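Coordinate analysis (summary)
The lines below spell out each chain.
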Amino acid sequence: MNPRILLWLAVGLVVWAVIPFVVPRYIADLLVFTGIYTVAGLGIGLLLGHCGIVNLAQATFYGLGAYASAYCTVMMGLPSVVGFLVGAVISMALAYVIGRPILRLTGYFLALGTLALSAIASALFFEWDWLTGGTLGIGGIPKLDLFGFLLDRPSRYYFFVWIVAFACMAVARNLVDSRTGLMLRAMRDSSTAAAALSIDLQALRTKVFVVCALFGSLAGSLFAHHASFVSTQSFTVDRSISFLLIPVIGGATSIPGIVVGALFVTFLPELLSKLGDIHQILFGLALVAVVVLMPEGLVGAFGKLRARLAKRGGGNG
Amino acid sequence: MAEPLLAMKEVGHSFGGLSVLRSVTFEVPEGGIIGLIGPNGSGKTTLFNIVSGYIRPLAGTVLYRGSVLGRDSIQQRGLQGLVRTFQTPQVFEQMTVLENVMVGCTKLTRTTMLQDLLRTPAARGQMREIRERAEAACERFRLGALRDLPAASLTAGQRRILEIARAVVGEPRLLLLDEPSSGLNVQEIDDLRDWIVRLNEEGITVLLVSHDMGLMTVARTVHTLYFGEIIASGDMAAIQRDPRVREVYLGV
């Protein structure tokens, strides 16, 4: 690796490690959410950027992960790792069963199909109060205990969440760079030609949907152990939409872009809320501005800007 | 006589009551170059879509290596060595030339999703193999200098060659070329003809659809389709002499 990149990486690592100790608690808390949203957003990014699929159902899998963790630890007294696993297995199974029929749809119809899934799941989370606690939710979810080290403060949980997020980013990067990644991009660019080259579109789309659900569930479990309390309002269609915004804002084909998108949807509303009631309108405007002015997301726009500056610099020098 | 690689038996098809293919029967012998000509709307592309699996025929059977290609999907046909190109070249525009060719290699190897997610040694090994094959194919098809460019930036002729390279790298037995000379200049058509001959000499059977009479001279047998029926068959010289073909196709 070239020494300059190595240097930047080292600086980044130091900054990353120091941040939770120097920022106020509520910022550390937001950074934990950024990590959680990065995990959930990675799945959506894979579908959107590499398969051209709009998934508006991520809150469903996020909810499944969160409820699985809550139910297993609070109601059944099982270790937290069981909650993570149960959530993952249920989410992946559901994604497979639902994905097979609805992934036959394309474009807007598929997006609406996933939206319907999110709406149904959100209604069921509300109705099945024997399982989810309904609007009252489930409280008292224990903090994670890592070999005797209790992750009970945002500044501690931060490290755990971000290590998981980096691992998920590495896994997503692996997928993009793999044979499967090639087939995904081929399918996105021309499904007709991809089929002629023996790429099984249906199976591939289903598999990525399952991976997306796994990320969603993982993020949900992380959320449950951070918030200690889960209730239906965290898993509504609104949440699905804000998850979709992550890759749209950051840049759907870029993995670091997911982090940028996650920062945008966690920090911006918080910063704007200081301005009073107008904050939702401002957030909406900022969103529209990014989508209209930077169709490739913030990371794509940054890349373009850098290319333009390099060109200008080259022209002068 | 040896079994033909592909045999069409009384294949018929219609769209909304309009009959586009009527009892079409012909064979493609292993190692041959067979041509299909016919004016626009004569049913050539429909026939192609039937062979490659995009359309299921309403009548008749298609035999490939002696067995019926009934419900086999496009993908299954591809895995059996039957690969097509498209009238308008279908390249993966946002991917580089090399990546396009790499996609053509993916069917030769198998990795599971889990192996790809975890980047296991097996997955890396297969990816290396795919890349090496694709690099060799790029050199061979003189796409080496273009290999890192996005396919969207290629000219029509380059796209055509890329599409053929991408199909050939997957080791087809039967290559179906749909109007490969459309949009190409004279020089490019000459190159294309050379490629068809060379690939055929290497053992790839070719079924060629075109209304380019010049390109058609590579075919050993040419079938002429007219309103969904084969009205003449033979080598190109015989076809050009055939009075019916002259009447309906050449307009003389």
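Residues numbered from 1 in each chain as written. Chains lettered and ligands numbered in written order. Predicted model: local features only at pLDDT ≥ 70, side-chain atom pairs only at ≥ 80, totals over all residues. Heavy atoms only, no water.

**Concerning the overall build of chain A**
Rules: Runs of H or I in DSSP of at least four residues are treated as helices and runs of E of at least two as strands, each being numbered from the N terminus. Per-residue accessibility takes into account occlusion by the displayed protein chains alone, with areas from the Shrake-Rupley method and a 1.4 Å probe. Asp and Glu are treated as the negative residues and Lys and Arg as the positive ones, with His and the ends of the chain left uncounted. Here the site of a charge means NZ on Lys, CZ on Arg, CG on Asp, or CD on Glu.
Counting its secondary structure elements, chain A contains 14 helices and 2 strands. When its C-alpha atoms are laid out on the principal axes, chain A stretches across 65 × 55 × 45 Å. Put simply, chain A shows about 14700 Å² of open surface, and 71% of that area lies on carbon and sulfur atoms. Averaging the locations of the 20 positively and 12 negatively charged side chains of chain A gives two centres separated by 13 Å.

**Regarding the environment of Val11(B)**
Residue and element names in this part refer to chain B. Counted only if it meets this: Each residue is placed in one exposure class: buried if its accessible area under a 1.4 Å probe, protein chains only, is under 20% of its type's maximum, exposed if it is over 50%, and partly exposed if it falls in between. Pairs of residues are marked as contacts when any of their non-hydrogen atoms sit within 4.5 Å.
Its location among the elements puts Val11 in strand β1 (residues 6-15). Overall, Val11 belongs to the buried group, its relative accessible area being 0%. Between the C-alpha atoms of Val11 and Ser23, which are 12 residues apart in sequence, the distance is 4.8 Å. Residues in contact with Val11, not counting those within four places in the same chain, are Leu21, Arg22, Ser23, Val24, Ile50, Pro57, Ala59, Gly60, Thr61 and Val62.

**Some words on the pairing of strand β2 (residues 18-28) of chain B**
Residues and elements named next belong to chain B. As a reminder, the rule being used: Pairing between strands requires that DSSP locate at least two bridges from one strand to the other.
The pairing of β1 with β2 spans 7 bridges and is antiparallel. The residue of β2 that forms the bridge with Phe15 is Leu18. Hairpin connection of β1 to β2: 2 residues between the antiparallel strands, including Gly16 at a positive phi of 55°.

**As for the nonpolar core**
Stated formally: The criterion is simple. A nonpolar core is a set of buried Ala, Val, Leu, Ile, Met, Phe, Trp, Tyr and Cys residues joined through side-chain atoms within 4.5 Å. The domain limits used here are those given by an automatic or database domain assignment.
Ranked by size, the top nonpolar core spans 145 residues in total, and within it Ile36(A), Tyr37(A), Leu222(A), Val230(A), Phe141(B), Leu143(B) and Ile196(B) carry the most contacts. The element that contributes the greatest number of residues to this core is helix α2 (residues 25-51) of chain A, accounting for 14 residues. Composition of this core by domain shows at least three residues from each of domain 1 (6-91 + 154-250) and domain 2 (93-153) of chain B. Contacts of Leu143(B), omitting those with residues within four sequence positions, involve Val97(B), Cys138(B), Gln158(B), Ile161(B), Leu162(B) and Ala165(B). The next biggest cluster of nonpolar side chains, apart from the first, holds 24 residues, and it includes Leu21(B), Ile50(B), Ile55(B) and Leu69(B).

**Structural notes on the sheet that holds strand β10 (residues 229-234) of chain B**
All names here are of chain B. Using the following cut-off: An axis is simply a line fitted to the C-alpha atoms; with a helix, the fit covers only the stretch in contact. Between two such axes, the angle follows the N-to-C directions and lies from 0 to 180 degrees.
Here we have 6 strands laid out as an open sheet, ordered β6-β7-β8-β3-β9-β10, and mixed in their pairing. Edge positions in the sheet fall to β6 (82-84) and β10, since each has one partner strand and no second. Each strand axis lies, on average, 20° off the axis of its neighbour in the sheet, ignoring direction. Packing of helix α1 (residues 44-52) onto the sheet brings it into contact with β3 (33-37), β6, β7 (174-178), β8 (205-209) and β9 (221-226), and relative to β7 it is tilted by some 150°.

**Remarks on the packing of aromatic side chains**
Worth spelling out the cut-off: Each aromatic pair joins two rings of Phe, Tyr and Trp (for Trp, the six-membered one) with centres within 6.5 Å, and gets the label stacked for planes under 30 degrees apart, edge-to-face for over 60, and tilted for any other angle. Ring-over charges, as used throughout, are those where CZ of Arg or NZ of Lys falls within 6 Å of the ring centre and within 35 degrees of the ring normal.
Throughout the structure, instances matching the rule amount to 24 aromatic pairs over all chains. Each residue in the set Phe33(A), Tyr37(A), Tyr62(A), Tyr67(A), Phe125(A), Phe223(A), Phe235(A) and Phe243(A) is aromatic and connected to the rest through ring pairs, giving one cluster. Positioned above the aromatic ring of Phe92(B) is the side chain of Arg166(B), whose terminal nitrogen or guanidinium carbon lies 4.5 Å from the ring centre. The ring of Trp195(B) has Arg198(B) lying over it, and the distance from NZ or CZ to the ring centre is 4.5 Å.

**Considering helix α6 (residues 156-168) of chain B**
Which entries qualify depends on this criterion: Here the expected length of a helix is defined as 1.5 Å per residue gap, with one fewer gap than residues.
Taking 1.5 Å of rise per residue, the 13 residues of α6(B) would be expected to cover 18 Å, and the 18 Å separating its terminal C-alpha atoms lies within 8% of that figure. Summarising burial for α6(B): 11 of the 13 residues are buried, a large majority. Within α6(B), the full set of buried residues consists of Gly157(B), Arg159(B), Arg160(B), Ile161(B), Leu162(B), Glu163(B), Ile164(B), Ala165(B), Arg166(B), Ala167(B) and Val168(B). Here the buried face of α6(B) lies against α9 (191-196) of chain A together with β6, α3 (97-105), α5 (121-140), β7 and α7 (186-201) of chain B.

**Here we look at the packing of helix α3 (residues 58-75) of chain A against helix α11 (residues 237-250) of chain A**
Residues and elements named next belong to chain A. Let me state the cut-off plainly: An angle counts as roughly parallel when it lies under 35 degrees, as roughly antiparallel when it exceeds 145, as roughly perpendicular when it falls between 65 and 115, and as oblique in every other case. Less than a right angle of anticlockwise turn of the near helix away from the far helix marks a crossing as left-handed, whereas a clockwise turn marks it as right-handed. When residues are grouped by polarity, Ala, Val, Leu, Ile, Met, Phe, Trp, Tyr, Cys and Pro land in nonpolar, Asp, Glu, Lys and Arg in charged, and all others, Gly among them, in polar.
Orientation of α3 relative to α11, taken along the N-to-C sense of each, is 110°, at an axis distance of 7 Å. Between α3 and α11, the angle falls in the class roughly perpendicular. Crossing of α3 against α11: the hand is right-handed. Taking contact as the criterion, the partners of Gln58, Ala59, Thr60 and Tyr62 in α3 are, on α11, Arg239, Ser240 and Phe243. Residues of the contact of α3 with α11, tallied by class, amount to 3 nonpolar, 3 polar and 1 charged.

**A few points about the interface of chain B and chain A**
Selection rule: Summed over both partners, buried area is the accessible surface (1.4 Å probe) that two parts give up on being assembled. Salt bridge, as applied in this entry: a Lys or Arg side-chain nitrogen positioned within 4 Å of an Asp or Glu carboxyl oxygen. Here a polar contact is recorded for every N or O atom pair within 3.5 Å, except that within protein the pair must consist of a potential hydrogen donor and a potential acceptor, and residues adjacent in sequence are included only if both atoms are side-chain atoms.
With 33 residues of chain B at the contact, the number on the chain A side is 27 residues. Buried area between chain B and chain A, both sides added, is near 2600 Å², and the carbon and sulfur share of it is 65%. The interface formed by chain B and chain A holds 1 salt bridge in total. We note a salt bridge from Glu99(B) to Arg185(A), for which the minimum N-O separation is 3.1 Å. At the junction of chain B with chain A, the criterion picks out 15 residue pairs in polar contact (both at pLDDT 80 or more). Listed by contribution, the elements that provide at least two residues to the side of chain B that touches chain A are α2 (74-79), β6, α3, α4 (113-118), α5 and α6 of chain B. Classifying every residue of the side of chain B that touches chain A by side-chain character gives 16 nonpolar, 9 polar and 8 charged.

**Points about the domain arrangement of chain B**
All names here are of chain B. What the domain assignment lists for chain B is domain 1 (6-91 + 154-250) and domain 2 (93-153). Computed over C-alpha atoms, the centres of domain 1 and domain 2 are 27 Å apart. On the side of domain 2, 20 residues touch domain 1, which itself brings 21 residues to the contact. Buried surface at the junction of domain 1 and domain 2, both sides included, amounts to about 1900 Å², of which 60% is carbon and sulfur. The largest per-residue losses of area from domain 1 upon contact with domain 2 belong to Leu154, Val169 and Trp195, which jointly make up 32% of the total buried on that side. Across the contact surface, domain 1 and domain 2 share 3 salt bridges.

**As for the sheet that holds β2(B)**
Two orientations exist for strands paired in a sheet by backbone hydrogen bonds: parallel and antiparallel. All names here are of chain B. Spatial strand order, β2-β1-β4-β5: 4 strands in an open sheet with antiparallel pairing. For this open sheet the edge positions go to β2 and β5 (67-68), each flanked by a neighbour on one side alone. Note: strand β4 (residues 59-64) against β5, 2 bridges, orientation antiparallel. Considered in β5, the bridge of Tyr64 is made with Ser67. Sitting on the sheet, α1 touches β1, β2 and β4, and the angle it makes with β1 is about 120°.

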